[in-house]
Each structure stands twice: as C-alpha cells, then as structure tokens.
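# Descriptive analysis of the structure
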Amino acid sequence: MFQTKKEHFKREYFEYCNRIRIDVIDSEASSSDEEIPQISETYTSPDEIPEEYRQFRNLVNNIKARKFPDGTAAALAILNDCDLSAEFSQTAIRNLKALEVLVNLLEAATNDFSCKKGAVMILCKISSNKVIRKDLTNMGIIPVLVKMLVDPAQDLQIYASTIIANIANLKRSSKKVRLCGGIPILVNLLHISRETLMTPYDKLNTDSKEKYNVAKCAAQALASLSQSNKNKECIQKAGIVTLLKNLLNSVHEDIIIYSMGIIQNCGTLPQFQLAIQTMDMIGDIVRSLSSENDELKKLCALAVFKHAEDRVSRDVIRKYGGLDPLIRLLKSQTTLENEDLLAAVTGAIWKCAISVKNVQRFDQLGTIPVLVILLNREEGDEEKHESILTNVVGALAECAKLEHNRTLIQRCEGIAPIIGLINYHSNYSLLANIAQVLGECAHDLSCMAEMEKHDAVRLIWSLLKNPSTKVQASAAWALVPCIQNATESGEMVRSFVGGIELLLKLLQSNDNNVIGCTCAALSKVALDRENLSIVTELGVIPSLVKLVQTDDEFIKQNISLAIANCCKLKSNCFEFGKLGALPHIIKYIESPNKAILRATTFALCNLSTDPINCMTFHQSGVVVPFLLEAISSEDQEIQEAAAGCLSNIRKLALAADKVKYRGETVVEIH
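Residues numbered from 1 in each chain as written. Predicted model: local features only at pLDDT ≥ 70, side-chain atom pairs only at ≥ 80, totals over all residues. Heavy atoms only, no water.

In the nomenclature of an unreviewed UniProt entry, the chain is known as Armadillo repeat-containing protein 4 of Clastoptera arizonana.

Here it is, written out as structure tokens:
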C-alpha cells in the first residue's frame, strides 16, 4: 500500500513543505553541500501533515522502538520498498532523525542479521546524497563499515563497500577509511578466481555471483578512495597491481571500469607507473580503448593521459598500437558529442605527443587537421570546453616541434584561432600551451609573418603579467623566436610601453624556470644596440650578476647567453668584472652539459674584450685549457668564440711582456 502511494506521497509532501515554515540545515558550514529543508515541529494544525508522511514517521518510530525484532525488520523492509533515491524520501529520513537509528542498528544488531541487513540496505540507497554522506561520517559509521567488510556474510560486505564508495567522495571520509585500515581489507576482497572472471555473469552459480559482486563493489570503493594521494600510496602498498592485472582480463565490463578508474587515479604516482610497466599492463589499457562502452573508453584515455607523462610508458603505448585507436576516437562523431570522452582523448594525445616518434605516427594518421578543427568547436560546458582546448593546444604545441608541422598548422588556418584564444580565456594551463605553440610556430618565418599580422607578439608579451609562473615562463620562452624572427624586432620591442621593464621584473621571480626563460628572452632583446642601451640603463647588469651564482643548469645556459650579448656594449664587460660575476662564470666550464659549455664559451669571448677580465681568465688557470679544447669542437661558432677569447688573452699577455721588457731596460740604464 505504501509503495503504491509514492507519487501521491511525494506531491502531498512538497505541498505541505510549501505551506509550513522551512528551516535550512546548516551542514557544518559546507557551502558546496546540498541543502535539505527541515520541517518545523510548529504546525498550524495536525490536519496539515500528509497521511503518507504520518505513515513514514510511524515506520521510523517502529524502528526506533526496537521492542520486537520481527517488527523492526518488517518496518525496515517496508522502508526499503520506498523510492529512497527520491529527494523527498531522503529529506524525511533526515528530518525524522532516522539516520542515527540506522547507524545504531548496524552497531547493535550483532545477533539480528535481518535488522542489520535492512539498515545497511537503506543506508546504501541514501548515501549518495551529499549532506547524508557528511552526516553519516559525523555519526562514526566508517569504523562500523570497515568492520562489516570482514563479516562472513558476503551481502553485508557488498553493501558496506557500496556505502564506502559513496561517502569516500568526501575528503574527511576518505581519510577516515584509510585510518581505520579499510584499504587493505578492500584490496584483499579483490581476490577472485580467474574462472569467475572469465565466465559470463548469467552462467555463474549463486556462490560465484556473490563473490564476484563482493570484488566488484570493493573495486568501486577503491576507485572512489584512490582520488586521495595518501590513499593511492596505501592502495599500492596493499599489493593491488597484481590483482588489477587479473581484473582487466575479465569478461565483466563493470569490474574493468572500476579497475580502470583505480589505474587512472593512481597513474600520477611514479612508483605505480613503474609497477604498471613491470606487469606489462599497458597493453590491457590500450585494448580497452576499442571498447563499445564510452565510460570505459574515457577511463582508458585518462589512464593513458596520466601514464604517458613517463617516457617509457609513451613508447610502450606506441608499441602496443595505442595511438591509432586514440585518433579513431578523435575522429568519431560519438566522441565529439561526449565532452568528457573528448577531453580524455585529447589529453591522451597531448601527452603521447611529447615523444617525437609518436608525433610522426600522429602525422601519418592525419591528426593536426582534426585538432585545428576542434579549436573552433562550439562551446558547451565552460570547464570541459577549456579542458578540451588546453589538451588540443598542448598537442599542437608538441607536434609543432617538428618543422613541417608548423607549416601544416598554418595551412590548416590554425594560427589565428590559437592567437584569438588569448583574449577570451584565463585558464593558466591553456594560456601556457598557447604561448608554447606560438613560440614553436615563430621558428618558421612564414608563420611568424602571420603572427605579426594578428599582433601575436604583443599578446604573448602581455602574458608576462599573468600571476601564474607557468604562463610567465612559457610566454618568455615564446618571445625568444618571436624577437629573433620578427621584422624590425628592435623597433617592435621598443613599441611595447613598459615591455622591457616587465621582462626585467621577472628576473626577481622565485621560479627558476621563469628566470631561465627571461634570461633567454633578454639575450635576444640585447641584440639590438638601442634596446641594449635601454636595458643597461634599467639595471640589467646588477640583476644578472645577482643570479649568476646558481646551481640550476637551465639558468646557467641562458644567463651565459644574456651576458654574452649584453657585453656587446663595452662598458658592460667592465661592469660584469667589477661586480664579481667572472669567478662564477668560470665555474660553469666544469659542467658536463654541452649547452652550458657552448653558452659559456660565448660569454667568455665577449667578456674578454675588457683587459682586466682577460687577466682574471689567464690567472684562473682553467680558462685557457678549456678554450684550447673548445677550439677542436665540431661547432664552428664555438671554435670562433674560443679562438676569439684566446686571441684577446694572448694580446694582453704580449702587451704585458712588452711593458715588463721596457721596465727592465730602464732599470738597467739607471
């Protein structure tokens, strides 16, 4: 009777809530949680209370009384028959304080299985509600659930795992499960025979079905728990990787989905990535990319996205043919209509494109034209749209590292849309990728000409003001080829009001990558004589000297280039020596990094135009041997720089000998 009146109950209940005073429950000041209306106990008339609500209250009162176990079990059974997923049912349960009763039943009904099962079934249905999840955590349900995970009754294990999966979305709940020792128990529940995993569900016997459901719900709980970094480490230490290998080869798609969720969540851990490689599970992930299930394909693509951060994993993905299904998905109309799947696929392509060999395969599959089309895709959900754009632009940036792809991006009319994104988006990752792809395209003179038409350099320069150090570094690095290849670049740089000052200000950054990229940009600015005079007046020399004592190799390389070009103004050579930069630069020649040695050779050559600097180099005892070795380099520019520096040192030495000789002669005469 109660079940047949659900719709009527729902209608009457909401009408009733509209007529009486509504109090909003304050759930521990959580602004993100759902708000559930609280029915006031102050009624204008008892007749206003709907009959169905009275029956609901009577059921709860019967459960609270617990005078007769059979009566309690019957009341729980009737309550279970209601549509507990409906908001009005969950509101009523919370308002009638039934949650405390249900949790108490789990703790106290040790000898009454039917009551315990009835209570946990109800909690399983309503625990998806955000506020109820928080309430249950506050009531201390997690230790009770963890205890139920080791209960001999498998159906209780199933319901307990499901509730944990629901409430683990809250950080506090997730942490509590770990502290109560629930994770190793859940991992242990994943042990299931291969025969059960390889047999279709409808052909399993009752016992095998229960065992399978226990493992499935445990995997669901672990997928939810694996969103926390500390939980990820705990899950791995519990020995899950071997079990996941077994689960991924199952014929049951639902358990594969939960397993893939665990893999993609834990994919940020380097040790987990190594374990996945060691167990040779990349092939299993790649195979599932061809599944018919969109959710599974999304999780597989996300797993590829996480694991492709590692170079070895990227190569293994290519080895198992994982690039082809990604591009098939990218070109699929179904994928284009599913923003979550599209974001996952484009992210996987972006990370895989970090390897040049993968880009070469993407080129064969015609990837770039499809990616460019996505730049003009109609906007749906703002957050998902930005995620897709970030991945697409990131993939184009990696592809543009190959020269022919820069031309292809221009031919596909992709440069203008990329530039246009700067004005309409504030997502840091997206802006950083935009700067990166434009910087790569700027190496091509034809692309650079088009970028100038769309005022790209000014827009990139404006990104230096962005609060994100990642954006600042990408923008400064992109300016290097832009300044080098722009027509009348010296005049262009001077036309940006406050642009040079902004660049110099970044030398004060606490981020080494920003400093290194800024030094690289300054090295190009200093190539113009007038701009060099401006940066000198603005105090670039003391700023560089403060940074020259560093252990960061990227800074060493680029500050050496900046110093080399700043020394084209002769007075600057003297200033570098006067301010004590030379001893630190001389130490750079001890580096095994060839790029640093190359840049240091240029710096030594230009610094040696000052006689006092030459004396310092000669007296060091290490510069001359270094230069003699550098002369034999296969790089002609290094040969010329080393020879020029040696020539300057030799000229000073000869001049000193002449002075010394003349002085001795005078002494003899007198």
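Read on, since the account is not over.
## Side note on the overall build of the chain
Put simply, the rule reads: Numbering of helices and strands runs from the N terminus, with a helix taken as a DSSP run of H or I at least four residues long and a strand as a DSSP run of E at least two residues long. The classification of residues rests on relative accessible area computed with a 1.4 Å probe and restricted to protein chains. Under 20% of the type maximum is buried, over 50% is exposed, and intermediate values are partly exposed. Working rule for contacts: check all heavy atoms of both residues, and any pair within 4.5 Å makes them a contact. Method for areas: the Shrake-Rupley scheme with a 1.4 Å probe, in which residue coverage is limited to the protein chains shown.
Of the regular secondary structure elements, the chain holds 44 helices and two strands. Here the chain, with 670 residues, has 53% of them falling under the buried criterion. Put simply, of all contacts in the chain between residues at least 6 apart along the chain, 73% involve residues at least 24 apart. Looking at the chain as shown, the accessible area adds up to about 30700 Å², and 50% of this sits on carbon and sulfur atoms.

## Description of the layout of surface pockets
The line we're drawing: Grid spacing is 1 Å over the protein atoms alone, the probe is 1.4 Å, and a cavity is where that probe fits but cannot get out, while a pocket is an open set with protein on both sides within 12 Å along at least five of seven lines and lining residues have an atom within 4 Å of a point. Grid points are joined across faces, edges and corners, and a volume is the space filled by probe spheres set on the points.
In this structure, the largest pocket spans a volume of roughly 560 Å³. Residue lining of the largest pocket: 27 residues in total, with Trp477, Ala478, Val480, Pro481 and Ala520 positioned closest to the centre. At the level of elements, helix H29 (428–441), helix H32 (469–485), helix H35 (512–525) and helix H38 (553–566) are the ones that each hand at least two residues to the lining of the largest pocket.

## Looking at H32
Rules: To estimate the expected span of a helix, count its residues, drop one, and scale the result by 1.5 Å. Polar contact is defined as a pair of N or O atoms within 3.5 Å, subject to the rule that within protein one atom must be able to donate a hydrogen and the other to accept it, and that residues adjacent in sequence are counted only when both atoms are side-chain atoms.
In a regular helix each residue adds 1.5 Å, so 17 residues correspond to 24 Å; H32 covers 25 Å between its end C-alpha atoms and thus fits that length. Summarising burial for H32: 13 of the 17 residues are buried, a large majority. Its side-chain oxygen at 3.3 Å from the backbone nitrogen of lysine 470, serine 468 defines the N-terminal cap of H32.

## What about the UniProt feature "repeat: ARM" (unreviewed entry) in the chain?
The condition that has to hold: UniProt positions are given in the numbering used here, feature names are shortened, and annotations may be inferred rather than shown by experiment.
Residues annotated by UniProt as "repeat: ARM" (unreviewed entry) correspond here to residues 140–182, 181–240, 498–540 and 580–610. As a span, residues 580–610 carries 65% helix and 0% strand, and end to end its C-alpha atoms are 14 Å apart.

## A look at empty space enclosed by the protein
Note the threshold: The classification used treats Ala, Val, Leu, Ile, Met, Phe, Trp, Tyr, Cys and Pro as nonpolar, Asp, Glu, Lys and Arg as charged, and all other residues, Gly among them, as polar.
All chains considered together, the criterion is met by one cavity of 30 Å³ or more. Counted as a void, the largest cavity has a volume near 30 Å³. Lining the largest cavity we find Ile282, Ile285, Val286, Ala303, Val304, His307 and Ile317. Broken down by secondary-structure element, the contributors of at least two residues to the lining of the largest cavity are helix H18 (282–288) and helix H19 (294–307). When grouped by side-chain class, the residues that make up the lining of the largest cavity number six nonpolar, one polar and no charged.

## Overview of the nonpolar core
Where we set the bar: The definition of a nonpolar core used throughout is a set of buried Ala, Val, Leu, Ile, Met, Phe, Trp, Tyr and Cys residues joined through side-chain atoms within 4.5 Å. Segmentation of the chain into domains, including their bounds, is taken from an automatic or database domain assignment.
Membership of the largest hydrophobic core comes to 225 residues, with the highest contact counts inside it found for Met451, Trp461 and Phe576. Two domains each put at least three residues into this core: domain 1 (48–125) and domain 2 (546–665). If sequence neighbours within four positions are ignored, methionine 451 has contacts with Ile415, Ile419, Leu438, Cys441, Ala442, Ala456, Ile460 and Cys482.

## Description of H38
An α-helix turns once every 3.6 residues. As a result, residues three or four positions apart point the same way. If you check H38, its first and last C-alpha atoms are 20 Å apart, about what 14 residues at 1.5 Å a residue would give, namely 20 Å. Buried residues dominate H38, accounting for ten of its 14 residues. Listed as buried for H38 are Ile555, Lys556, Asn558, Ile559, Ser560, Ala562, Ile563, Ala564, Asn565 and Cys566. The backbone nitrogen of phenylalanine 554 lies 3.0 Å from a side-chain oxygen of the residue at the head of H38, namely aspartate 552.

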